[in-house]
Amino acid sequence: MDETLVLQRTTMSETEEAGAGTAGIVRRRLTEARWVLMAAAVAIVALGYAGGLSIAWIALAIAFVVLVAALARRKTARRVRAEADAAASLGFEGLSAQALAEAVPDPMIVFDPHGIVVTRNEAARTAFGKLDAGTLLNLRFRTPEFQDLLAALLAGGEGPLSCEYVERVPIERWFRIAGTSVGESSGLFVLVFKDQSEIRRIDRMRADFIANASHELRTPLASVAGFIDTLRGPARNDPKAREQFLQIMQNQTARMARLIDDLLSLSRLEMKSYAPASGTIDVRPLVEGVIDALRHLAADNGVDIVKDIPSGPVEVRGNGDELTQVFENLLENAIKYGQSGGRVEVSVLPAEPGTGPRVSFTDHGPGIAEEHLPRVTERFYRVDVETSRSQKGTGLGLAIVKHILTRHNARLTIKSKIGEGATFTVNFPTN
């Protein structure tokens, strides 16, 4: 069996060295047979000193040469097997750890027994920022779960170990980390980060949708069901009551339709909230169009719209349809909840040194208490539940505004005092 391995290895070596010429093959053969040649030389010298070529001396010399050749062949076979095992443990001969890391699409970090980064791929740099060689992992990833995983790996934990890791800034992302050692004697370890953010967002949206929709839909559904029972029973032959109940049922179903539309819009925005908007657009015609579209609502609520819009273009980077939805929600809120002030002011401010363009909506209504300001963009959060529902609000308008502006790298600032109205300002980034 050993001789067969040696023969196969020798044949492969000769084929590989054909490009180097016959001289290379001869040198390799002579090197491998050096012990046999030395044994033959010793036997010849011994025969010379013996002074004759008796059969006993010849037999002894041949036996000596055969023994040395067998031992040399066995040693060569062991060396060939050792080289093969070493090549198998290396995997890809001549390929660096950095090249292997770059071939992995997920963030990957290779580190030593001291928890110090040896190398990382481009995906890891993109996900976690600067992670140069020499960085201490326990100082970069500080969650208890990660610290426990790192300690278990460095302590010689068997098999792949894993944990959950959450990156909070600049955006919230979830990762499933798998860690293991590299080989038995390399002294290196590897971490692979599998991004679970999209799955988590989908699961959370599904749970939120079920919880919020069931809560918000319960009241109108109960009203509609109750009026149907009344119309089929006591009010069966009462035309006046029937007309009144049908009007209420129509209002309730319209409320449910608005709620479902807003929930679907919010879900679509959350699915693509981290995809930056592209393209440049002038916000002036967008604001003008929104004012014209809502003038009838302002008239119905006894509100005058006063606008302050420059004549020149005010360009921002963004999507026209989504920004129109932002301006519609903000102006509609100003009209509905600030109608007691009788006036809503809309202003478009061009970019200035150090600041980007701004669009403001100011009402002179009752205002918003300071403790409510940080939460008004949360889904279904209402400062006054009864007023919101009487104004046909769904509690989702400002949440939609926040998600659209996040995608546009813009900010919504709110300034308000009780009895002095409120100002909602969209702050676009500087170009």
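As a reminder, the structure under discussion sits directly above these lines.
As the structure is a prediction and not an experimental result, all values here were calculated from the model.

## Details of the overall build of the protein chain
Working step 1: A tally of helices and strands in the protein chain yields 15 helices and 12 strands.
Working step 2: For the protein chain, with 431 residues in total, the buried portion stands at 35%.
Working step 3: Taking as baseline every contact in the protein chain between residues at least 6 positions apart, the subset at least 24 positions apart corresponds to 58%.
Working step 4: Total accessible area on the protein chain stands at roughly 25,200 Å², and carbon and sulfur atoms take up 58% of it.

## What about the packing of aromatic side chains?
Working step 1: Counted by the stated rule, this structure contains 11 aromatic pairs.
Working step 2: Summarising the aromatic geometry, the rings of Phe141 and Tyr165 are spaced 5.4 Å apart at their centres and angled 80 degrees between planes, so their arrangement reads as edge-to-face. Remark: Tyr165 occurs in strand E3 (residues 161-167) and Phe141 occurs in the loop between helix H7 (137-140) and helix H8 (144-154); sequence separation between them is 24 residues.
Working step 3: On the accessibility criterion, Tyr165 (5% relative accessible area) is buried.
Working step 4: Seen in terms of ring centroids, Phe175 and Phe193 are 6.1 Å apart; in terms of plane orientation they differ by 85 degrees. Their pairing is edge-to-face. Remark: Phe193 occurs in strand E5 (residues 188-195) and Phe175 occurs in strand E4 (residues 173-182); sequence separation between them is 18 residues.

## Considering the pattern of salt bridges
Working step 1: By the definition in use, this model includes 13 salt bridges.
Working step 2: A salt bridge links Arg295 to Asp292; its shortest N-O distance comes to 3.7 Å.
Working step 3: In this structure, a network of salt bridges that share partners links the residues Glu164, Arg176 and Arg200.

## Description of the sheet that holds strand E2 (residues 117-120)
Working step 1: Strand order in this open sheet of 5 strands is E2-E1-E5-E4-E3, and the pairing throughout is antiparallel. Pairing within the sheet leaves two strands with one partner each, and these edge strands are E2 and E3. Between one strand and the next, the sheet's axes are offset by a mean angle of 25 degrees, whatever the strand orientation.
Working step 2: Direction of pairing for E4 relative to E5: antiparallel, over a ladder of 8 bridges. The residue bridging Thr180 from the neighbouring strand is Val190, located in E5.
Working step 3: Helix-sheet contacts for H8 involve strand E1 (108-111), E3, E4 and E5, and the interaxial angle to E3 is about 150 degrees.

What counts and what doesn't
Each chain has its residues counted from 1, following the order in which its sequence is written. The predicted nature of this model means local features are confined to residues of pLDDT at least 70 and side-chain atom pairs, given and counted, to a pLDDT of 80 or more, with totals for whole chains, interfaces and linings taken over all residues. To get the side-chain values, take all heavy atoms of the structure and skip hydrogens and water. Going along the chain from the N terminus, every DSSP run of H or I of four or more residues is numbered as a helix, and every run of E of two or more is numbered as a strand. Residue exposure (1.4 Å probe, protein chains only): buried if accessible area is under 20% of the type maximum, exposed if over 50%, otherwise partly exposed. Two residues form a contact once any of their heavy atoms are found within 4.5 Å. The accessible surface values rely on the Shrake-Rupley method and a 1.4 Å probe; as for residues, cover is taken only from the protein chains in view. Any two rings among Phe, Tyr and Trp, with Trp reduced to its six-membered ring, count as a pair given centres within 6.5 Å; such a pair is stacked if its planes are under 30 degrees apart, edge-to-face if over 60, and tilted if neither. The rule for a salt bridge is simple: a side-chain nitrogen of Lys or Arg has to be within 4 Å of a carboxyl oxygen of Asp or Glu. Only strands joined by at least two bridges in the DSSP assignment are considered to pair. For every element, the axis is a line fit to its C-alpha atoms; helices are fit only across the contacting stretch, and the angle between N-to-C directions ranges from 0 to 180 degrees.

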